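Tertiary structure, described
These are the residues of each chain, in order.
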Amino acid sequence: MVKFTKQFEGQLVPEWKEAFVDYWQLKKDLKKINFLNNNGSTNDVDNTKNESSFSCTLISSLRKLPLFGPQRREHGVIQVHRKLGQTLSKGDLYETELLEQFADTEAAAEFFALLDLQLNKVNQFFRTKEKEFVERGECLKKQMEILIELKAALIKLQHDKGTSSGQNTKEDESISGTISCDEESNKDRTEQEQDIDNSIDQVIIDSPRSSELENSTNIKREDNKSKSLSERVINCQGKSLKIHIPLTNPTRTFSTITYLLRDDIISQSSKKCGPDGRKRLHINRTKLKHAEKMIRGAFIELYKGLGYLKTYRNLNMLAFVKILKKFDKVTNKQVLPIYLRVVESSYFNSSDKALKLADDVEEIFIKHFAEDDKKKAMKYLKPTQKKESHAVTFFIGVFTGCFLAFFVGYVIMAHITGLYRPKSDTIYMETVYPVLSMFSLMFLHFFLYGCNIFMWRKTRVNYSFIFELAQTKELKYRDVYLICTTSMTAVVGVLFLHLTFVAKGYSYNQIQAIPGILLLVFIMLLVCPLNIIYKSSRYRFICVIRNIIFSPMYKVVMLDFFMADQLCSQVPMLRNLEYVACYYITGSYKNQDYGYCMRTKYYRDLAYAISFLPYYWRAMQCARRWFDEGHKSHLVNLGKYVSAMLAAGAKVAYEKEKNLGWLCLVIVMSSAATLYQLYWDFVKDWGLLQCHSKNPWLRNELMLRRKFIYYFSMGLNLALRLAWLQTVLHYNFGSVDYRVTGLLLAALEVIRRGQWNFYRLENEHLNNAGKFRAVKTVPLPFHEVDEQD
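Counting restarts for each chain, with residues numbered from 1 along the sequence as it is written. Since the coordinates come from a predicted model, pLDDT governs what is reported: local features require at least 70, and pairs of side-chain atoms require 80 or more to be given and counted, while whole-chain, interface and lining totals use all residues. Only hydrogens and water are removed before side-chain values are computed, so all heavy atoms of the structure are retained for them.

**Quick notes on the overall build of the chain**
Note the cut-off: To qualify as a helix, a DSSP run of H or I must reach at least 4 residues; to qualify as a strand, a run of E must reach at least 2; elements of each kind are numbered from the N terminus. Note on classification: 1.4 Å probe, protein chains only; a residue is buried when its accessible area is under 20% of the maximum for its type, exposed when over 50%, partly exposed between these limits. Throughout, a residue-residue contact means that at least one pair of heavy atoms, one from each residue, lies within 4.5 Å. Values of accessible area rely on a 1.4 Å probe in the Shrake-Rupley scheme; residue burial ignores everything except the protein chains shown.
Secondary structure assignment for the chain yields 33 helices and seven strands. For the chain, buried positions account for 46% of its 789 residues. Put simply, of all contacts in the chain between residues at least 6 apart along the chain, 74% involve residues at least 24 apart. By element, 59% of the accessible surface of the chain is carried by carbon and sulfur atoms, the whole surface being about 42,000 Å².

Below, the structure is given as structure tokens:
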């Protein structure tokens, strides 16, 4: 049977961990009481044995008298006083008074003081979160009413247009018509519009990964800078309905810039009335679909948050029951029934607002987003995670064994043929080895990502929430391992077969297409439209790469800049990919002219550009985040990538003209960039090197129990950051080819990035937990304001 401590820790909401009952500290206080009880009874047993027996007999006799019996039943062992809090948000406060002498009154008083503190904390947090969710729910209901009205108006306008033309027209992207807004309806909705204004100011946020609602004032001020870029205004008798669609992709960005240029024309035309004195209404179908999608996502997140709140209530209630049972067992008192009545009647257990709101959300979602199909609605509201299959584990073992067998055979064959020696087969090392190097770096990185997932799950880092991954579609670490082992088995198996043909004397004209076909098969699998081989994850990866390439046109979320950081460690892989693509696309493989691409000016320029591109993309993401959020720290982070670009440029120039001047410049620029990057790694990304922390030179909150791992990781990160020294020293391992040395150094950088990933998300998770954000705040599309605003 699983102990409650492990059950409690395994089921609690990670981001709300600090708001749960501190069950571990309460257990420590109970152990202290138990220890004092045992010590006291051992020391005094000889002196007070007769006195104790006499006292017990006397007390038991007195309890039988009517005078003492009812009084004891009335007051009990303790009495919990309830008093009003200083503010309404804090609610009622509870304080326990000891009515009966305990073995160690001071320790018992400390225990109940902590217990009262935990109860008050739970009630206050539950009240705050419940209020937040209820306000969000009311706002969403009003947004839903607006959406229903606009959809009905759009259908009516489309019907009128089709009737007037006398034929069934296709759905237009934008339909214009009239909508009546009489004074009576405006008067009836005055209070409602004011409520929407008050609540929308808190939730109209550009970024879905925005902070808590109490920061809404700053967010509103920042959003005002780009209101004209991201909102459309529909005028109606002095009132404006703004449709607010965040600028998350280039299409919306360009369209809003175009709108800004013709803002005056549209604003004048939108104010014109029809012949009957009614306002002209311009409804854009695409924007209405975006608005509906945003509202649907907001309902899903709200329902998820209400589910977390229900879990919060149940787990805390169970924790109070368990700890009170333990207290009764240790002290032989009957405290549980008395204190439990107080807990059951407290706000967090008695309030039913969240439960009613969850039912309302479920009903609305079923009606408007699931076509009255409850089963379909529950797939979105309560997605069930797919069960992990034992077949996945089995095939991981099978393909791991196959990979090792092929790899050993490949190494033996390469040693026999002497391919990896300095004076080796140049054609093979220039054409086939880049393919092996490219796949090795790629899947090593992917394998380390699987290790990261395993450690994040073990330490309860909520990476799914941070990356905004769908729970039903995200890759588990076993899936990642299966992809890696299967892919590398195929790669090494094909290249082992190719090397066997080389050893048997086949000409390169006959077999040189094999590595190219291998690469083409992987590309086709990546873009395959069929619903096979993790289609959702493949397409999500393609979308993320698209967002990175077109930075800063796309809005930056955590997954985008996390992946862009991975590309900064994969520059050698990108350069190998470029060379292999040039080699096969230009047809150089037919005559083994592997030097053609190196002689082409465009290729050399592109090779230099690839050395800069990952850092450029990351810098543009920092610029976009600064534009959206206004935090100067993003500009400082941008400077880190600019320094890396300058260091990369110095290295490229040194490789072209190896003289003392460029060497000195490489040393200076690389040293400055390394110091910049180390500071950002340790202090900003990992949150370490805190001199005032309770953990020396670490941070206060740590996910790993053994602190030496953090110190070891910092030392390893420092050593691997200095890999650029090989550019200066040109050190080779014995008689190994320089290309193999380059692959080893590139692999070390990938390993450094793998350990960086774990600490980066650990720090992000702890920051999220400090802000008590367990669900993302989805921006809402509709905003009603006065025309003067």
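**With respect to the packing of aromatic side chains**
So the rule is basically this: Any pair of Phe, Tyr and Trp rings, taking the six-membered ring for Trp, is counted once the centres come within 6.5 Å. Such a pair is stacked with planes under 30 degrees apart, edge-to-face with planes over 60 apart, and tilted for the rest.
For the structure shown, the criterion picks out 43 aromatic pairs. With a centroid separation of 6.0 Å and 90° between ring planes, the pair formed by W16 and Y312 is classed as edge-to-face. Of the two residues, W16 sits in the loop between α1 (4-11) and α2 (23-43) while Y312 sits in helix α12 (residues 285-331), which places them 296 residues apart along the sequence. This pair shows no difference in class: W16 is buried, exactly as Y312 is.

**Description of the pattern of salt bridges**
Under the convention used in this document: Within this document, salt bridges are pairs made up of a side-chain nitrogen of Lys or Arg and a carboxyl oxygen of Asp or Glu, the two lying within 4 Å of each other.
The tally for this structure, following the rule as stated, stands at 24 salt bridges. Across the salt bridge formed by E95 and K83, the nearest N and O atoms sit 3.2 Å from each other. Taken as a pair, E95 in strand β2 (residues 92-98) and K83 in strand β1 (residues 78-84) lie far apart in primary sequence, twelve residues in all. Residue E95 is classed as partly exposed on the basis of its relative accessible area, which comes to 42%. For K83, a relative accessible area of 44% gives the class partly exposed. With its nearest N and O atoms 3.1 Å apart, the salt bridge here joins D565 to R618. With D565 in helix α25 (residues 558-568) and R618 in helix α28 (residues 601-629), this pair connects stretches of sequence that are 53 residues apart. Given a relative accessible area of 3%, D565 falls into the buried group. Taking the relative accessible area as the measure of exposure, R618 reaches 3% and is therefore buried. Within the structure, one salt-bridge network assembled from shared partners comprises D681, R721, E749 and R752.

**Observations concerning a positive patch on the surface**
Quick reminder of the rule: For patch detection, residues must exceed 30% relative accessible area and be free of salt bridges, and they are connected within 9 Å for like charges or within 5 Å for nonpolar side chains (Val, Leu, Ile, Met, Phe, Trp, Tyr). Charge counting follows a simple rule: Lys and Arg are positive, Asp and Glu are negative, and His as well as the terminal groups are ignored. Every charge is mapped onto a representative atom, which is NZ of Lys, CZ of Arg, CG of Asp or CD of Glu.
There is a patch of like positive charges on the surface, built from K3, K6, K28, K31, K322, K325, K326, K329 and R705. Mapped onto the positive patch, the elements with two or more residues apiece are α2 and α12. No other element matches the four residues that α12 contributes to the positive patch. Position of K6 relative to the elements: it lies in helix α1.

**What about the state of the cysteines?**
Threshold: Note on terminology: pairs of cysteine sulfur atoms within 2.5 Å are recorded as disulfides.
One pass over the full model with this rule turns up one disulfide. With no disulfide partner, C484 has as its closest neighbouring cysteine sulfur the one in C451, 8.7 Å distant.

**Regarding the side chain of S693**
Counted only if it meets this: N or O atoms within 3.5 Å of each other form a polar contact, as long as, within protein, one can give a hydrogen and the other can take it, and as long as residues adjacent in sequence are counted only when both atoms are side-chain atoms.
By the element assignment, S693 lies in the loop between α30 (660-685) and α31 (708-721). Side-chain polar atoms of S693 contact the side chain of N700, separated by 3.1 Å. Every residue in contact with S693, bar those within four places of it in the chain, is listed here: L698, R699 and N700.

**Observations concerning the confidence of the model for the chain**
The criterion, for reference: pLDDT gives the predictor's per-residue confidence on a scale running from 0 to 100.
Averaged over all residues, the pLDDT of the chain equals 79, while 76% of them reach at least 70. Predicted confidence for residues 235-239 stays below pLDDT 50, and this span has 20 contacts to residues more than four positions away or in other chains.

**Focus: the nonpolar core**
Test applied: Residues enter a nonpolar core if they are buried and are Ala, Val, Leu, Ile, Met, Phe, Trp, Tyr or Cys, with the set joined through side-chain atoms within 4.5 Å.
Within the largest apolar cluster, 81 residues are counted, with the highest numbers of intra-cluster contacts made by W16, F111, F112, L115, F299, Y339 and F782. With 19 residues, α12 is the largest single contributor of residues to this core. Setting aside residues no more than four positions away along its own chain, Y339 makes contact with I78, V80, T96, F112, L115, D116, L119 and L324.

**So, helix α23 (residues 513-527)**
Which entries qualify depends on this criterion: To estimate the expected span of a helix, subtract one from its residue number and multiply by 1.5 Å. Think of the arc as the fan of directions from the helix axis to the C-beta atoms.
The end-to-end C-alpha separation of α23 is 21 Å, in line with the 21 Å expected for 15 residues at 1.5 Å each. Of the positions making up α23, those classed as buried are P515, G516, L518, L519 and F522. Around the axis of α23, the buried residues are gathered within 155° of arc, so they sit on the same side.

**Describing the packing of helix α19 (residues 433-458) against helix α26 (residues 571-585)**
Put simply, the rule reads: Lines fitted to the C-alpha atoms define the axes, with helices restricted to the stretch that makes contact. Angles between their N-to-C directions range from 0 to 180 degrees. Whether a crossing is left-handed or right-handed is set by the direction in which the near helix is turned from the far one by less than a right angle, anticlockwise for left-handed and clockwise for right-handed. Throughout, the ten residues Ala, Val, Leu, Ile, Met, Phe, Trp, Tyr, Cys and Pro are labelled nonpolar, Asp, Glu, Lys and Arg are labelled charged, and all others, Gly among them, are labelled polar.
Interhelical geometry of α19 versus α26 gives an angle of 145° and a closest axis separation of 9 Å. The interaxial crossing formed by α19 with α26 has left-handed handedness. Of α26, the residues touching α19 (which contributes P434, V435, S437, M438, L441 and M442) are P572, M573, N576, L577, Y579 and V580. Of the residues assigned to the contact of α19 with α26, the class counts are ten nonpolar, two polar and no charged.

**Some thoughts on the environment of Q385**
With respect to the helices and strands, Q385 occurs in the loop between α16 (374-381) and α17 (390-417). Residue Q385 is classed as partly exposed on the basis of its relative accessible area, which comes to 45%. Each C-alpha atom, one on Q385 and one on Q471, is 6.4 Å from the other, the two residues being 86 residues apart in sequence.

**Focus on the environment of Y608**
Within the element layout of this structure, Y608 appears in helix α28. Expressed as a C-alpha distance, the spacing of Y608 and G649, which sit 41 residues apart in the sequence, is 8.1 Å. With sequence-adjacent residues up to four places away left out, Y608 is seen in contact with V652 and K656.

**Quick notes on the side chain of S713**
Among the secondary structure elements, S713 is positioned in helix α31. Classification of S713 by relative accessible area gives buried; the value is 4%.

**A closer look at the environment of Q124**
Position of Q124 among the secondary structure elements: in helix α5 (residues 105-165). Assessed through its relative accessible area of 33%, Q124 is described here as partly exposed. When the C-alpha atoms of Q124 and Y347 are compared, they prove to be 8.6 Å apart, with 223 residues separating the residues in sequence.

**Observations regarding the packing of α17 against helix α21 (residues 477-503)**
The axes of two packed helices give the description: the angle between them and the distance between them. The cut-off we apply is this: Orientation categories follow fixed angle ranges, with anything under 35 degrees roughly parallel, anything over 145 roughly antiparallel, 65 to 115 roughly perpendicular, and all other angles oblique.
Axis separation between α17 and α21 bottoms out at 8 Å; the angle between their running directions is 30°. In terms of axis orientation, α17 runs roughly parallel to α21. Helix-helix and strand crossings are classified by hand; for α17 and α21 the assignment is left-handed. Residue classes in the contact of α17 with α21 are distributed as 19 nonpolar, nine polar and two charged.

**Some thoughts on unusual backbone geometry**
A cis geometry characterises the amide bond from S551 onward to P552, with omega recorded as 5°. Of note, P552 is situated in the loop between α24 (535-549) and α25. With a phi angle near 60°, R460 is a residue other than glycine that sits in the positive phi range. Note on placement: R460 falls in the loop between α19 and α20 (463-467). Positioned with a positive phi, I533 is a non-glycine residue whose angle comes to about 50°. Looking at the secondary structure, you find I533 in the loop between α23 and α24.

**As for α24**
The first and last C-alpha atoms of α24 sit 21 Å apart over 15 residues, in line with the 21 Å expected at 1.5 Å per residue. Buried residues of α24: S537, R538, V544, N547 and I548, and no others. Buried residues along α24 sit in contact with α23, α25 and α28.

**Concerning a nonpolar patch on the surface**
Together, I517, V521, L525, L530, I532 and I533 make up an exposed nonpolar region whose accessible area comes to about 520 Å². The topology assignment puts L530 in the loop between α23 and α24.

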